[in-house]
Amino acid sequence: MKKSSILIILIILVICVVGFLCFGNSLRGEVVKVGGTDFIVPEGYHQDAPNKLGDVTISNGTHKIFLEEHNDTDVDKYIKNYESFCKKHNQTVKVSKLNVDGVEFYKSFNEDNPQTVYYWFIKGDKTYDIYKWHENKEMDHLVIDFIKS
């Protein structure tokens, strides 16, 4: 084989690899960094400015969802913090442990403010909160998608 033929094959191969990498990333969707972990933003959502607590915010223009990372796997500690906050504000909250499609997470139900829902899960060596302060019927599916991403 001539050197020019090898060079052409190498150039075509490099173009194919670069094209595949670029195309593959566009199929993945937008990525949001929560602490040190990347999550894929659900279709129709985009990253927005952080909320007043400094937590990552994603929005679909109507609904906002907030994400927070903690540097340990003590999920019970964060659930208890939320329960204490609710008790201090005379709100009744129940937390359930769920397992959907092999995805384990915790979900709160605030009887006095049912639009506010918190979710907690462990990914790697971190605990994550995902929460909302408004009605969003898609929320359970969005949380499962985040955990899987």
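Conventions used here
- Residues numbered from 1 in each chain as written.
- Predicted model: local features only at pLDDT ≥ 70, side-chain atom pairs only at ≥ 80, totals over all residues.
- Heavy atoms only, no water.
- Helix = DSSP H or I, 4+ residues; strand = E, 2+ residues; numbered from the N terminus.
- Buried < 20%, exposed > 50% of the residue type's maximum accessible area, 1.4 Å probe, protein only.
- Contact = heavy atoms within 4.5 Å.
- 1 Å grid on protein atoms, 1.4 Å probe; cavity = no way out; pocket = protein on both sides within 12 Å on 5 of 7 lines; lining within 4 Å.
- Points joined across faces, edges and corners; volume = space filled by probe spheres on them.
- Nonpolar A, V, L, I, M, F, W, Y, C, P; charged D, E, K, R; others polar.
- Phe/Tyr/Trp six-rings, centres within 6.5 Å; stacked < 30°, edge-to-face > 60°.
- Expected span 1.5 Å × (residues − 1).
- Arc of directions from axis to C-beta.
- Pairing = 2+ DSSP bridges.
- Salt bridge = Lys/Arg side-chain N within 4 Å of Asp/Glu carboxyl O.
- Axes fitted to C-alpha atoms, helices over the stretch in contact; angles between N-to-C directions.

Enquirer: Honestly, the overall build of the chain in this entry has me stumped. Any pointers?
Expert: For the chain, the helix and strand inventory stands at 3 helices and 9 strands. Starting at the N terminus, the α and β elements of the chain follow one another as α-β-β-β-β-β-α-β-β-β-β-α. Out of the 149 residues in the chain, the part that is buried amounts to 33%. Once local pairs closer than 6 in sequence are excluded, the contacts in the chain between residues at least 24 apart make up 43%.

Enquirer: How should the layout of surface pockets be read in this particular structure?
Expert: Empty space among the atoms can be located by rolling a probe the size of a water molecule over them. Put simply, the largest pocket is a space of about 310 Å³. When residues of the lining of the largest pocket are traced back to their parent elements, those giving at least two are strand S5 (64–70), helix H2 (75–88), strand S8 (116–123) and strand S9 (126–133). Considered class by class, the residues forming the lining of the largest pocket number 8 nonpolar, 7 polar and 3 charged.

Enquirer: Just to check I follow, could you spell out the packing of aromatic side chains for this structure?
Expert: For any two aromatic rings, the description comes down to two numbers: the centre-to-centre distance and the angle of the planes. Tallying each qualifying case throughout the model produces 12 aromatic pairs. Aromatic side chains Tyr 82 and Tyr 118 sit 4.2 Å apart centroid to centroid with 35 degrees between the ring planes, which places their arrangement in the tilted category. Here Tyr 82 is found in helix H2, whereas its partner Tyr 118 is found in strand S8, with 36 residues between them in sequence. In this pair, the class of Tyr 82 matches that of Tyr 118, namely buried. Taken together through their ring pairs, the aromatic side chains of Phe 66, Tyr 82, Tyr 118, Trp 120, Tyr 131 and Trp 133 make up a single cluster.

Enquirer: I keep staring at unusual backbone geometry and nothing clicks. Help me out?
Expert: What you tend to see is this: most non-glycine residues have negative phi, and most peptide bonds are trans. The backbone of Asn 90 shows a phi angle near 55 degrees, a positive value even though the residue is not glycine. Within the element layout of this structure, Asn 90 appears in the loop between H2 and strand S6 (93–100).

Enquirer: Would you take a moment to explain H2 for this structure?
Expert: Since one α-helical turn is 3.6 residues long, residues separated by three or four positions face the same way. Its 14 residues place the ends of H2 20 Å apart at the C-alpha level, agreeing with the 20 Å of an ideal helix rising 1.5 Å per residue. All of the buried residues in H2 are Val 75, Tyr 78, Ile 79, Tyr 82 and Cys 86. Angular distribution of buried residues about the axis of H2 spans 100 degrees; they occupy a single face of the element. Along H2, exposed side chains directed more than 90 degrees from the buried face belong to Lys 80, Lys 87 and Lys 88. Packing partners of the buried residues in H2 comprise S5, S6, strand S7 (103–110), S8 and S9.

Enquirer: Would you mind showing me how to read the pairing of S8 here?
Expert: A regular strand places its side chains on the two faces of the sheet in alternate fashion. The buried fraction of S8 amounts to 6 of the 8 residues, a majority that puts the element mostly inside the structure. Sheet analysis places S7 next to S8, joined by 2 bridges and oriented antiparallel. Bridging from a neighbouring strand, Tyr 106 pairs with Trp 120 of S8. Count of turn residues in the S7/S8 antiparallel hairpin: 5 residues. Between S8 and the antiparallel strand that follows it, S9, lie 2 residues; Gly 124 among them carries a positive phi value of about 65 degrees.

Enquirer: Got a minute to help me understand the pattern of salt bridges in this structure?
Expert: Once their charged atoms are close, side chains differing in charge can pair, the charge on each being opposite to the other. For the structure on display, the rule yields 6 salt bridges. One salt bridge connects Asp 38 with Lys 33, and the closest N-O pair in it is separated by 3.0 Å.

Enquirer: Help me understand the sheet that holds strand S3 (residues 46–48), please; the structure alone is not making it clear to me.
Expert: Hydrogen bonds between backbone atoms are what pair the strands of a sheet, whose relative direction is either parallel or antiparallel. Reading across the sheet, the 7 strands line up as S3-S4-S5-S9-S8-S7-S6 and stay open at both edges, with antiparallel pairing between neighbours. The outermost strands of the open sheet, each flanked by one partner alone, are S3 and S6. Along the sheet, successive strands turn relative to each other by an average axial angle of 25 degrees, direction set aside. Along the sheet, H2 contacts S5, S6, S7, S8 and S9; its crossing angle with S8, the most-contacted strand, is approximately 165 degrees.

Geometry only, nothing functional implied.
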